[in-house]
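Architecture at a glance
Listed here are the chains, written in short residue letters.
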Amino acid sequence: MYAFRTVLPFEVHDNIFFIHREAVVSVKMFKIRKAKDDEPTAPGQVKIRKRSRVPGVMITQYVEELPEGMTTPDFTRKPIAITIQEGKLAVFKAVITGKPAPTVTWMRNDGEIDEERYKISFEASSGEYQLQIPSVTVDQADTYKCYARNEYGKAIVTAALNVIEVGFKKNRALQESRTAIRETPEDFKKALKHKVDMEQREEKKPEIDEKFWELLLSADKKDYESICAQYGVTDFRGMLKKLSEKKMEREQEQERVVERLCNLKPIELKDDGLAEFELEMSLKDPTSKIFIYKDGVMIPFDADMEVKHGLKQVGKKFVFSINGVDPEDAGLYQVEVDGVKIFSTDFKLPEVEFLVKIQDVKAEEREDAVFECLVSQPLKKITWKGKNIPLEQGEKFDILVSEDMLIHTLVVKDCMPLDKGIYAAVAGNSSCNAWLIVEDPGVYFTGGLSDVTAIIGTDAELVCKLSSEECDGVWYKDGQEITATDHICIVKEKIYRKLIIKNCTEDDSGKYRCEADGRKTEAELKVEDPPRLNSDDLTEFMKPVVIKSGKDAAFKMTFVGREPMKIQWYHEGEELLEDTGIKIEKSESHTRLLLTKCKRKTSGEIKIKIKNECGTTEAITQLVVLAYPGAPSQPKVVSAFKDCINLAWSAPSNTGGTDLLGYNVEKRKNGSNLWGMVNPANEPIREKNYGVKDVVEGFEYEFRVSAINISGAGEPSTPSEFVFARDPKKPPGKVIDLKVTDSTYSTLSLGWTKPIEEEGVQDESKGYFVEVRPAEDPEWSRCNSTAIIINSYTIMGLKSMAMYWVRVLATNEGGDGEPQELDNYIIAMPPPVKPHFTDRKIKTFMVMKAGNAARINFNFQASPIPSIKWLKDGHPVGKHVKVSNSDTSSQLMISSSERHDTGIYTIIVKNLVGQETSSVEIRITDDPKPPGPVELDENVSGTVTVSWDPSPDEKKDDRLHYIITKRDSVKRTWQTVADHLFNNKFTAINVMPGRQYKFRVYAKNDMGLSKPSDSAIWEVKRVKESFSLNLPASKDCSFEEPPSFSVPLKTHNSPESYECYMSCAVTGNPKPHVTWYRNNISLNTNTNYYITNTCGVCSMVILKVGPKDSGNYTVIAENNLGRVECSTKLVVKD
């Protein structure tokens, strides 16, 4: 605890001491003290109270009306009360406005502000004035005032500095508090006797409040002792036993609604005036209802933490809050879920005391009164009452709280006699009150004099306003008292005091002052002599000047005013200077402007401007220069007869600046260069139409019109179209042989023959109109706005495949003839065309590497637009295949192809006329992987059988085959010995003993060769032995043997159009005769098959396999010792 020594902005009356166990607080009674200004009244000063937007700021205005752009001082940020520990830095800050810039000073109630202990500064960047008190001491606790003054008024604000004592002084205060009141022995005996009586009465145990058990069920074990002490429970063992039973019962109840409950935190009051308690729980049913009770009464709450009672859930954590805590919020809070009690916590508020109470305040009428108090605990708000009525923030009252929530302030604004009375501050059970006394300020100026500017020769009036009608005013000029004369009138009207100066002269200029009851107000009178125009000349000048083009215009003006004067003439806002066609004359009393040879563009505003040091005057007139009118519109032929042609036209947009007098009409025969007047020259045509009767039947004429104004006739119009002087023609007949010559999806071309001409029935056609209407629309629309003269037309902008009705009608001067329609509706489409492909060369086979994009394009022609369908091996293509179609092309694309995309792709283009199809085989493959290990074996002397494991791609690619190369130690070059092998074995012949051989096997497909698989080195050693001859007894020896197959045929699956290679190995002596058969038909003489037999290796090559080559193939080997056969099957894939 600390000892506070607080002095607020009030006058000291006496001291009251509060005795506490741990602190001593010294409180001074105070009231608001009005500052007295001893300086003389400023010029023109009155005393007008003004309100500031910032509460607690008092503004006094010295003049009744502020000059334009000037303002009285005001605080946009006022110093605030400070409570600070002794020895710290205290800073009062203020931001002040006013024009001219005010002078700022600082004062304190008790004592002076010296430079040694205080530092006054101003920061230009932020506009902030500061009063700094380094290492503040207790004796500097006081009320500080900040004054801001300029010539139009002043502003005052006060702020309190409260200093907290620490260290030795605090300890001494504590000692004094302990010794302030001592008990006498008699008091001790009475207390002891009272205690004995109480112990005897407490032998009967009272009933324990149920609230006690609710608190224990939710409390930590460390809090058991304090709760028992609070409720007077001493039987701890019995309490613990019963508590255990209640906990078991409560947990069984909670298990019905809660899965987990932990981290129960009792309610706690925060520094910002907010109270919270929280818990974590998992509900078995997320829709369970949660209720909050206070002292058994349910209270409403909201998820918004800004309301009075809020419940916020974050995951499994629930936080209950109470905003703006006040004494009524104390009590037992309980959380229930679906009627089951979950958590209980008791909320107790600490007792609040007023360390500094509000004091009586005296305020003059229209001033602000301030009540201020200091509480012992931070409170967000307290209750203020005036005459036992609660007060709220508004236009009459400002309720303020300091940042630490210890200092609370009530500002009664613009005090009136009705506001006097008792005001109270209430915090919980504590309260304090004080009187507000509103005093009458006496007689004063409620409205001061204002500076007046008068023109020489006119009257001037100075007016001020008093708060009382009874008080008289005394007038002064330049310090000398003045009285009423013929030239000066002094008027008293109720609360107004007037000084009227008649027919002012320059001598009347000066400073005037009015004094009443010791108060005064002052203002300045300025008598000026600005330029003034002669009224007769001004009236004449303002009349518009109207002249013809090429004539002169003159303007003049006389004036009076103080010299020197500047004279300026303007035309359409631009100043006129002496130049060709512009002459300006100037003297002391008059000026003249002469504009010579004016043109039409000279028309506009003419302004004169005269200026001296006292002011500026202006006058404006208009100059109108008349010119010839513009050309009317092209005449239109309304109707034509053999003896009269009727014309009509529009007036010109440029009338030459005046009204039109009429029009002249001229005519000219076709082929002539001469124009002749139709109307007499002195008889202009008044209307905008005319019937020309001076025409000869059968001749062709054109006409033009010119407008006439006061200046004469203007330019003629554009000539009309040629027209024959003859009676109206008959409309033409129907067009003949209307037909469609071409069509697209958006256009339709028509052709026709002109109608037949019949005298008296239908005349010759002069043009044609084409009309069209959609089948669903009953209205015809015209395609061409003007008649066409050719016998064909193309309609544009049709909707594709839409149905339209079309007709053509002929027209001439007699009107439109009857329309001729097509017999049937027309569909917007090209002529029917069966789909056919337009590509010169269509690919039928494509090989693509896996992972690359595969793309097929087909261009076609078809009408109407066909439907397009893609198939793969007879089935719709997969979703990963993208198809893009247009009216004339289709594209299939596989963005990242895989082996399973291999197949035959077919496009079907179909419309109403027919359909067309085309197919492309796409083979998706990859670089082949090399075969497996190569093995060499000798089955027949002089041969080597090469065998290898198949390539991993053999099963994936039915076009994969093998190539074998060999190299011997003599030639040392690689030679191909076998190609297009679809099996995994080959017998190489002509293997010489004594040479080393090496073989390589490659896998090959449509993408190319694989890496080779190398064999080991093969060598048949040549055995050299010494020659010896032992001739045994001769015996008959036979080397003959029947035929046999050492290597049989292998089954083959070959794609269409590829080569197929079949081979087998045959032994026998004598050499067997080998015959090849397909489906039991001999092939040895068939030139389509290439058959060889080398050293017993029999092979057959089919150069280009086709479907007809499918079947069973048999090889028969026979000699005189026997016959043997071997068969296989060839399957040709599509």
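Basis of the calculations
- Residues numbered from 1 in each chain as written.
- Predicted model: local features only at pLDDT ≥ 70, side-chain atom pairs only at ≥ 80, totals over all residues.
- Heavy atoms only, no water.
- Helix = DSSP H or I, 4+ residues; strand = E, 2+ residues; numbered from the N terminus.
- Rg over C-alpha atoms; globule rule 2.2 N^0.38 Å.
- Buried < 20%, exposed > 50% of the residue type's maximum accessible area, 1.4 Å probe, protein only.
- Pairing = 2+ DSSP bridges.
- Patch = residues over 30% accessible without salt bridge, like charges linked within 9 Å, V, L, I, M, F, W, Y side chains within 5 Å.
- Areas by Shrake-Rupley, 256 points an atom, 1.4 Å probe, with all protein chains shown as cover.
- Salt bridge = Lys/Arg side-chain N within 4 Å of Asp/Glu carboxyl O.
- pLDDT = per-residue confidence, 0-100.
- Contact = heavy atoms within 4.5 Å.
- Axes fitted to C-alpha atoms, helices over the stretch in contact; angles between N-to-C directions.
- Arc of directions from axis to C-beta.
- Lys, Arg positive; Asp, Glu negative; His and termini not counted.
- Charge placed at Lys NZ, Arg CZ, Asp CG, Glu CD.
- Disulfide = S-S within 2.5 Å.
- Parallel < 35°, antiparallel > 145°, perpendicular 65-115°, else oblique.
- Nonpolar A, V, L, I, M, F, W, Y, C, P; charged D, E, K, R; others polar.

Some words on the overall build of the protein
Within the protein, the regular secondary structure consists of six helices and 92 strands. Relative to its length of 1134 residues, the protein is extended, with a C-alpha radius of gyration of 61 Å against a globular reference of 32 Å. Projected onto its principal axes, the C-alpha coordinates of the protein cover approximately 180 × 140 × 65 Å. Burial statistics for the protein: of 1134 residues in total, 41% are counted as buried.

Quick word on unusual backbone geometry
Cis geometry marks the peptide bond from Lys99 to Pro100; its omega dihedral reads 0°. With respect to the helices, strands and loops of the structure, Pro100 is situated in the loop between strand S8 (90-99) and strand S9 (103-108). Not every positive phi belongs to a glycine, and Asp478 is a case in point at roughly 50°. The topology assignment puts Asp478 in the loop between strand S34 (474-477) and strand S35 (480-482). Despite not being glycine, Cys1095 shows a phi value in the positive range, around 55°.

Regarding the pairing of strand S13 (residues 153-165)
Summarising burial for S13: 12 of the 13 residues are buried, a large majority. Two strands pair when backbone bridges link them, and strand S7 (residues 82-85) and S13 are joined in this way by four bridges, in the parallel orientation. Bridge assignment links Gln85 to a residue of S13, and that residue is Ile164. When strand S12 (residues 143-150) meets S13, the two strands line up antiparallel, connected through eight bridges. Directly across from Arg149, in S13, lies its bridge partner Lys154.

Digging into a nonpolar patch on the surface
A cluster of nonpolar residues, Met801, Met803, Tyr825 and Ile827, forms a patch on the protein surface that exposes about 330 Å² of accessible area. Positionally, Met801 belongs in the loop between strand S61 (792-795) and strand S62 (803-812). Given the relative accessible area of 39%, Met801 is considered partly exposed.

Concerning the confidence of the model for the protein
Any region with low pLDDT has predicted coordinates that should not be read closely. Of all residues in the protein, 90% attain a pLDDT of 70 or more, and the chain-wide mean is 84. Here residues 1-43 scores under 50 on pLDDT; set against residues more than four positions off or in separate chains, the count is 126 contacts. For the stretch residues 168-185, pLDDT sits under 50, and the model shows 17 contacts to residues farther than four places along the chain or on other chains.

Thoughts on the sheet that holds strand S40 (residues 532-533)
With antiparallel pairing, four strands are arranged side by side in an open sheet as S40-S42-S46-S45. The two strands at the open ends of the sheet, each matched to only one other strand, are S40 and strand S45 (582-586). Two strands pair when backbone bridges link them, and S40 and strand S42 (residues 553-560) are joined in this way by two bridges, in the antiparallel orientation. Counterpart to Arg532 in the pairing with S42 is Val560.

What about helix H3 (residues 210-218)?
Across the nine residues of H3, seven count as buried, placing the element largely inside the fold. Turning to H3, its buried residues number three or more, namely Phe212, Trp213, Glu214, Leu215, Leu216, Leu217 and Ser218. Elements that come into contact with the buried residues of H3 comprise helix H4 (224-231), helix H5 (236-254), strand S14 (258-269), strand S20 (331-337) and strand S21 (340-347).

A word on the sheet that holds strand S89 (residues 1089-1094)
Judged by pairing direction, the sheet is antiparallel, and its four strands sit side by side in the order S84-S86-S90-S89 without closing on themselves. The strands lining the two open edges of the sheet, one partner per strand, are strand S84 (1041-1047) and S89. Strand-to-strand twist in this sheet, taken as the mean axis angle between neighbours without regard to direction, amounts to 25°. Pairing analysis gives six bridges linking strand S86 (residues 1060-1069) to strand S90 (residues 1097-1102), with the strands arranged antiparallel. Paired with Ala1065 across the two strands is Val1097, which belongs to S90.

Focus on H4
Three or more residues of H4 are buried, namely Tyr224, Ile227 and Cys228. All buried residues of H4 lie within an arc of 100° about the axis, which places them on one face of the element. Exposed residues on H4 whose side chains face more than 90 degrees from its buried face are Glu225 and Ala229. Where H4 is buried, its residues contact H3 and H5. The positive-phi residue at the C-terminal boundary of H4 is Gly232, with phi of around 70°.

Re the pairing of strand S27 (residues 397-401)
Bridge count between S27 and strand S28 (residues 407-412): five bridges; the pairing is antiparallel. By the bridge assignment for S28, Asp398 is matched with Val411. Between S27 and the antiparallel strand that follows it, S28, lie five residues; Met405 among them carries a positive phi value of about 60°.

Describing a negative patch on the surface
Among the surface-exposed residues, Glu112, Asp114, Glu115 and Glu116 lie close enough to one another that they form a single negatively charged patch. Residue classification places Asp114 among the partly exposed positions, given a relative accessible area of 32%.

Section: the state of the cysteines
This model, assessed by the stated rule, comprises zero disulfides. Left without a disulfide partner, Cys415 is nearest to the cysteine sulfur of Cys373, which lies 17 Å away. For Cys415, a relative accessible area of 0% corresponds to the buried category. Unpaired in this structure, Cys1060 has its nearest cysteine sulfur neighbour in Cys1064, at a distance of 13 Å. Assessed through its relative accessible area of 0%, Cys1060 is described here as buried.

A few points about the environment of Lys316
Residue placement: Lys316 occurs in the loop between strand S18 (309-314) and strand S19 (317-322). Once the C-alpha coordinates of Lys316 and Arg260 are considered, the two residues, 56 residues apart in sequence, prove to be 9.5 Å apart. Residue contacts for Lys316: discarding those within four places in its chain leaves Leu279, Glu280, Met281 and Ser282.

A closer look at the packing of H3 against H4
Contact geometry of H3 with H4 gives a least axis separation of 10 Å together with a crossing angle of 170°. Taken together, the axis directions place H3 and H4 in an arrangement best described as roughly antiparallel. Contacts between H3 and H4 involve Lys211, Phe212, Leu215 and Leu216 on the former and, on the latter, Tyr224, Ile227, Cys228 and Tyr231. In terms of residue class, the contact of H3 with H4 is made up of seven nonpolar, no polar and one charged.

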